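For reference, the chains in residue letters:
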Amino acid sequence: MVSVQQLFDACEDFELKTAKLYSDFMIRLGSEDDRVAQFWEEMSTEEWEHYVIVHFGRNLCERAGMMREPVRTVDEATLTELEAVLSENVARVATGAYTLKDAFRMAILFESSEVDDLFMHLVRVIRQAIERLGEYHLEKRIQRANAHMDEHVAGLVRAIRRFANDPELVRDANAAVAAHSR
């Protein structure tokens with residue numbers, strides 16, 4: 001079990017790393033096709049938006065006095081495992097030894113991993129802070145974030161269909177969407 005503080009720290013790190021990876025994909029893989037560059041730029045921007053929500057939520061939870069409270073649905077082993085997966089892929093991207101299909105595989109891994117689940121746990125914690133503080137007008141911001149999550153993954157599937165020409169990748173991406181919408 002982790003604290004609200006630990007969950008915020010992990011989610012900030014994961015969202016930031018993923019945004020940077022997608023930005024790296026845009027720079028390296030988009031040089032030959034502007035449509036590919038635009039796709040990865042949009043994916044990176046959406047991860048940055050998640051990061052902003054985490055930052056916004058941290059402020060609310062700090063004001064609500066929740067940072068030391070336990071998050072019973074998350075354990076440290078999960079955070080450690082996700083950090084290892086992201087770090088391994090950050091190192092791989094740093095070498096430049098990957099293709100567009102490799103980038104899609106990494107994105108499927110990230111988008112079907114528990115990172116999004118952690119983000120959704122965090123959203124529930126943020127909602128508790130909104131409730132405690134009585135700042136219900138902020139709920140709209142959280143609702144918009146939830147609506148964008150499904151579209152984010154669906155956009156990945158559409159891009160794989162459009163740019164990868166690989167039925168196995170499409171199947172894997174569809175499985176990620178199915179897992180994400182559970």
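Worth saying up front: this structure is predicted, and the values here are computed from it rather than measured.

A. Examining the overall build of the protein chain more closely. Within the protein chain one finds seven helices and two strands. The C-alpha atoms of the protein chain give 17 Å as radius of gyration, which agrees with the globular expectation for 182 residues (16 Å, within 12%). For the protein chain, the C-alpha atoms occupy an extent of roughly 50 × 30 × 30 Å along the three principal directions. Counting the 182 residues in the protein chain, one finds 48% classified as buried. Restricting the contact set of the protein chain to residue pairs at least 6 apart, pairs at least 24 apart contribute 82%. When the accessible area of the protein chain is evaluated, it comes to approximately 9,400 Å², of which 50% is carbon and sulfur surface.

B. Representation of unusual backbone geometry in the model. One non-glycine residue, Asn 165, lies in positive phi territory at about 50 degrees. By the secondary structure assignment, Asn 165 is in the loop between helix H6 (139–163) and helix H7 (167–180). Residue classification places Asn 165 among the exposed residues on the basis of a relative accessible area of 71%.

C. A look at the environment of Val 54. Residue placement: Val 54 occurs in helix H2 (residues 34–63). By relative accessible area, Val 54 is classed as buried at 0%. Taking the C-alpha atoms as reference points, Val 54 and Arg 105, separated by 51 residues in sequence, lie 25 Å from one another.

D. Focus on the nonpolar core. Counting residues in hydrophobic clusters, the biggest one holds 59 residues, and the most contacted among them are Phe 25, Trp 40, Phe 104 and Ile 160. Breaking this core down by element, the ones donating at least two residues are helix H1 (4–29), H2, helix H3 (76–95), helix H4 (100–112), helix H5 (114–133), H6 and H7. Sorting elements by how many residues they give to this core places H1 first, with 10 residues. Excluding residues that lie within four positions of it along the chain, Phe 104 makes contacts with Phe 39, Trp 40, Leu 156, Ala 159, Ile 160, Phe 163, Ala 164 and Leu 169.

E. Structural detail: the packing of aromatic side chains. Applying the stated criterion across every chain, the model contains nine aromatic pairs. Pairing Tyr 22 with Phe 25 gives two aromatic rings, centres 6.0 Å apart and planes at 40 degrees, and the pair type is tilted. A residue pair is termed a helical-turn pair when its members lie 3 or 4 positions apart in one helix, as Tyr 22 and Phe 25 do in helix H1 at three residues. Accessibility classification places Tyr 22 together with Phe 25 in one group, the buried group. The interplanar angle of 65 degrees and the centroid separation of 4.7 Å between the aromatic rings of Phe 39 and Trp 40 together place this pair among those described as edge-to-face.

Reading the values: the criteria
- Residues numbered from 1 in each chain as written.
- Predicted model: local features only at pLDDT ≥ 70, side-chain atom pairs only at ≥ 80, totals over all residues.
- Heavy atoms only, no water.
- Helix = DSSP H or I, 4+ residues; strand = E, 2+ residues; numbered from the N terminus.
- Rg over C-alpha atoms; globule rule 2.2 N^0.38 Å.
- Buried < 20%, exposed > 50% of the residue type's maximum accessible area, 1.4 Å probe, protein only.
- Contact = heavy atoms within 4.5 Å.
- Areas by Shrake-Rupley, 256 points an atom, 1.4 Å probe, with all protein chains shown as cover.
- Core = buried A, V, L, I, M, F, W, Y, C linked by side-chain atoms within 4.5 Å.
- Phe/Tyr/Trp six-rings, centres within 6.5 Å; stacked < 30°, edge-to-face > 60°.

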